[in-house]
Amino acid sequence: MTQVGYTAIGCGWAKRARTLTLSSAVLIAAPFASLAESVPVLAQVTGVAANDTLNVRAGPSGGDAIIGELKPSEKVELVEISPDGGWARLLWKEGNGWVSRRFVSDIQRKRLASGLPADLSCIGNEPFWSLNINANSSVGFEIAGGDRQSYPLAWSTSSQSNGDGGYAFGTGDMDGVLRREICSDGMSDRDYGWSVDVILRGQAPQLLSGCCITNVSQ
C-alpha cells in the first residue's frame, strides 16, 4: 500500500510517498532484501557515442518533448523508475525529467561504514536551512541568520526494519532521520528522492523537515 502524507516545513509542506508493509509495525526485524532498483540510485550515461547526447524528456516516452540533454558518462541521480522499467526520472533544473533506462547504468554511491549515504545536500524552508552529509563523517549545517557550522558525526546507523530504506545520524547537537521517498521542497516543482527530518537540540529544540539530493559531481 502506498501512502502519501504531508509534513510541515515551517510555512511550506513536504510531500512524501512511502510504501508500508505489515512488517513496518515490527520494531526489530531482519532487514529486507535490497531491491534490484532501489531508488534514488546513482547512475551514469552509457552507450552514447562521444559526439552524441542523451535526451532528457518531459515524460516517460519517446514521444514526450525534449527538455534537455546529458553528455556521455555524465552522472545523475534517478528518483523513480517507470512501471515498465524502460524510463527513469531525475531532477532537471527546477523540476524533473525522464531518460531512457537503457542508457543509464547504476553506479556505486559513497557511504559511511554504517551504510549512511554520503555527499548529500539537504534543504528546507521557513526558516531556510541547509545540511550536508559529508564523506569525511561530518555534517555541515546552516540556518537563516546564522553561520555555517561543521560537526563530526557521533553516530550513524541503517534501519533494522526497512533495510536500505532509512538511516539515522547524530552529532551531539542534532539528530537526523534520512529516508528514501519522494519529497517536495515546497519552493519548486522538483520531486527529490530523499526526505530528512532534523532535530536541533538545545533549550528550545526544533524539528526541521526537508529534502535531499546526492552531489553527483563529488
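Residues numbered from 1 in each chain as written. Predicted model: local features only at pLDDT ≥ 70, side-chain atom pairs only at ≥ 80, totals over all residues. Heavy atoms only, no water.

A. Spatial organisation of the state of the cysteines. This structure, assessed with the given rule, holds two disulfides. Two residues share a disulfide in this structure: Cys122 and Cys212, whose sulfurs sit 2.1 Å from each other. The S-S bond linking Cys122 to Cys212 shows a torsion near 105°; that makes this disulfide right-handed. One end of the pair, Cys122, is in strand S10 (residues 120–124); the other, Cys212, is in strand S18 (residues 206–214), with 90 residues separating them in the sequence. Overall, Cys122 belongs to the buried group, its relative accessible area being 1%. Counting only the cysteines that take part in disulfides, in the order they occur along the protein chain, gives the pairing 1-4, 2-3. (Disulfide = S-S within 2.5 Å. Helix = DSSP H or I, 4+ residues; strand = E, 2+ residues; numbered from the N terminus. Buried < 20%, exposed > 50% of the residue type's maximum accessible area, 1.4 Å probe, protein only.)

B. The arrangement of the pairing of strand S7 (residues 87–92) in detail. By the criterion of burial, S7 is predominantly enclosed, with six of the six residues buried. Residues Trp87, Arg89 and Leu91 point to one face of S7 and Ala88, Leu90 and Trp92 to the other, with burial holding for every one of them. A loop of five residues connects strand S6 (residues 75–81) with S7, the two strands running antiparallel in sequence, and Gly85 in this loop sits at a positive phi of about 75°. Between the antiparallel neighbours S7 and strand S8 (residues 95–100) lie two residues, among them Lys93 with a positive phi of about 55°. (Pairing = 2+ DSSP bridges.)

C. Representation of the packing of aromatic side chains. Counted according to the given criterion, the structure contains two aromatic pairs. With a centroid separation of 6.3 Å and an interplanar angle of 50°, the aromatic rings of Tyr167 and Trp194 are classed as tilted. Of this pair, Tyr167 sits in strand S15 (residues 166–170) while Trp194 sits in strand S17 (residues 192–200), and the two are 27 residues apart along the sequence. One exposure class covers both Tyr167 and Trp194, and it is buried. (Phe/Tyr/Trp six-rings, centres within 6.5 Å; stacked < 30°, edge-to-face > 60°.)

D. Inspection of the pairing of strand S13 (residues 149–152) at higher detail. The sheet contact formed by strand S12 (residues 138–143) and S13 spans four bridges and is antiparallel. Each residue of the ladder has a partner; that of Phe141, found in S13, is Gln149.

E. Main features of the side chain of Ser138. For Ser138, the location among the structural elements is in strand S12. A polar contact is formed between the side chain of Ser138 and the side chain of Asn136, at a distance of 2.6 Å. Excluding its chain neighbours within four sequence positions, the residues that come into contact with Ser138 are Asn132, Ile133, Ser150, Tyr151, Pro152 and Leu153. (Polar contact = N/O pair within 3.5 Å; in protein donor to acceptor, adjacent residues only side chain to side chain. Contact = heavy atoms within 4.5 Å.)

F. How the structure looks around the pattern of salt bridges. Taken as a whole, this structure holds eight salt bridges when the rule is applied. Between Glu77 and Arg109 there is a salt bridge; the shortest N-O distance is 3.2 Å. In this pair, Glu77 sits in strand S6 while Arg109 sits in the loop between strand S9 (104–106) and S10, placing the two residues 32 residues apart along the sequence. Judged by relative accessible area, Arg109 falls into the buried class, the value being 13%. In this structure, Asp191 and Arg89 form a salt bridge, with 3.3 Å as the shortest nitrogen-oxygen distance. One end of the pair, Asp191, is in the loop between strand S16 (174–183) and S17; the other, Arg89, is in strand S7, and 102 residues separate them in sequence. Accessibility assignment for this pair places Asp191 and Arg89 in one class, buried. One network of salt bridges, in which partners are shared, links Glu80, Arg89 and Asp191. (Salt bridge = Lys/Arg side-chain N within 4 Å of Asp/Glu carboxyl O.)

G. Local environment of the environment of Ser105. Mapped onto the elements of the fold, Ser105 is located in strand S9. Spatially, the C-alpha atom of Ser105 lies 9.2 Å from that of Gly47, the residues being 58 residues apart in sequence. Among the polar contacts listed, one links the side chain of Ser105 to the side chain of Thr46, at a separation of 2.9 Å.

H. Quick peek at the environment of Lys71. Inspection of the secondary structure assignment puts Lys71 in the loop between strand S5 (66–70) and S6. By relative accessible area, which is 58% here, Lys71 ends up exposed. Each C-alpha atom of the pair Lys71 and Asn51 lies 8.8 Å from the other, and the pair is 20 residues apart in sequence.

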